[in-house]
Amino acid sequence: QVQLVESGGGLVQAGGSLRLSCTASGRVVRIDVMCWYRLFPGKQRELVATITSGGTTEYADSVNGRFTISVDNAGNTTYLRMNSLRSEDTAAYFCNAKIATTPLGIGEDYWGEGTGVTVSS
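Everything quoted here is computed from the prediction, not taken from an experiment. Residue numbers run consecutively from 1 along every chain, following the written order of its sequence. Restriction of local features to residues with pLDDT of at least 70 applies here, the model being predicted, together with a cutoff of 80 or more for giving and counting side-chain atom pairs; totals for whole chains, interfaces and linings are based on all residues. Calculation of side-chain values draws on the structure's entire complement of heavy atoms; hydrogens and water are dropped beforehand.

### Observations concerning the state of the cysteines
Phase 1: What counts as a disulfide here is a pair of cysteine sulfur atoms lying within 2.5 Å. The final tally for this structure, using the stated rule, is 1 disulfide.
Phase 2: The residue that forms a disulfide with C22 is C95, at a sulfur-sulfur distance of 2.1 Å. As the torsion about the S-S bond is roughly -80°, the C22-C95 disulfide counts as left-handed. Here C95 lies in strand β9 (residues 91–100) and C22 lies in strand β3 (residues 18–26), a separation of 73 residues in the sequence. The pair formed by C22 and C95 is uniform in burial state, with each residue classed as buried.
Phase 3: Free of any disulfide, C35 has its nearest cysteine sulfur in C95, 8.1 Å distant. Runs of E in the DSSP output that reach at least two residues are strands. Runs of H or I that reach at least four are helices, and both are numbered from the N terminus. Categorising residues by exposure relies on relative accessible area from a 1.4 Å probe, with only protein chains included: less than 20% of the type maximum marks a residue as buried, more than 50% marks it as exposed, and the intermediate range marks it as partly exposed.

### Brief notes about the nonpolar core
Where a protein is soluble and globular, its nonpolar side chains tend to be buried together.
Phase 1: The criterion is simple. A nonpolar core is a set of buried Ala, Val, Leu, Ile, Met, Phe, Trp, Tyr and Cys residues joined through side-chain atoms within 4.5 Å. W36, L80, M82 and Y93 are the most contacted members of the largest nonpolar core, which totals 29 residues.
Phase 2: For this core, the elements supplying multiple residues, two or more each, are β1 (2–7), β3, β4 (30–39), β5 (45–52), β7 (67–71), β8 (77–82), β9 and β11 (115–120).

### What about the pairing of β8?
Phase 1: Across the 6 residues of β8, 5 count as buried, placing the element largely inside the fold.
Phase 2: Two strands qualify as a pair provided that DSSP identifies no fewer than 2 bridges between them. Pairing analysis gives 6 bridges linking β3 to β8, with the strands arranged antiparallel. From the neighbouring strand, R19 faces β8, where its bridge partner is R81.
Phase 3: When β7 meets β8, the two strands line up antiparallel, connected through 5 bridges. What sits directly across from S70, in β8, is Y79.
Phase 4: Linkage of β7 to β8, two consecutive antiparallel strands, is achieved through a turn of 5 residues, within which G75 is found at a positive phi near 80°.

### Quick notes on the sheet that holds β8
Phase 1: Spatial ordering of the open sheet is given by β1-β3-β8-β7, a layout of 4 strands whose pairing is antiparallel. In this open sheet, the two edge strands, each paired with only one partner strand, are β1 and β7. For this sheet the average axis-to-axis angle between neighbouring strands, irrespective of direction, equals 15°.
Phase 2: Inspection of the sheet shows β1 paired to β3 by 6 bridges, in the antiparallel sense. Following the sheet pairing, Q3 is matched in β3 by S25. All axes are obtained by fitting lines to C-alpha atoms, using only the stretch in contact for helices, and the reported angles, taken between N-to-C directions, cover 0 to 180 degrees.

### As for the environment of M34
Phase 1: By the secondary structure assignment, M34 is in strand β4.
Phase 2: Its relative accessible area of 2% is what places M34 among the buried residues.
Phase 3: Here the alpha-carbon distance between M34 and N76, two residues 42 residues apart in the chain, equals 9.2 Å.
Phase 4: The contact rule is simple, with two residues in contact once any of their heavy atoms fall within 4.5 Å. Those residues in contact with M34, other than ones at most four positions away along the chain, are C22, A49, T50, I51, I69, V71, G75, N76, T78, C95, N96 and A97.

Laid out in structure tokens, this is it:
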């Protein structure tokens, strides 16, 4: 079993910052990709940021230059640093990772339960 647990969400004023964390635990042999998605109140989903095991990052246009995705040295925790937050960043943020649970296995999708971010204007 693999678990992804997010933390760091909350209420912040526009222009403020938050840092989200997501830690993978359990039968983690290899993490290929870690991502952050967000689900807006109207249920639209957006891929916010991605980081590969090689350190390559990609961002949605809506957050590029404001958000930064990173991983810790162990490679099991990803962070999403969110600066210059706007009211339109209000959403539920979910961590997603492609994780292999055996040495030769392919990475399968795992999801965290999400953490809420509310930006007040």
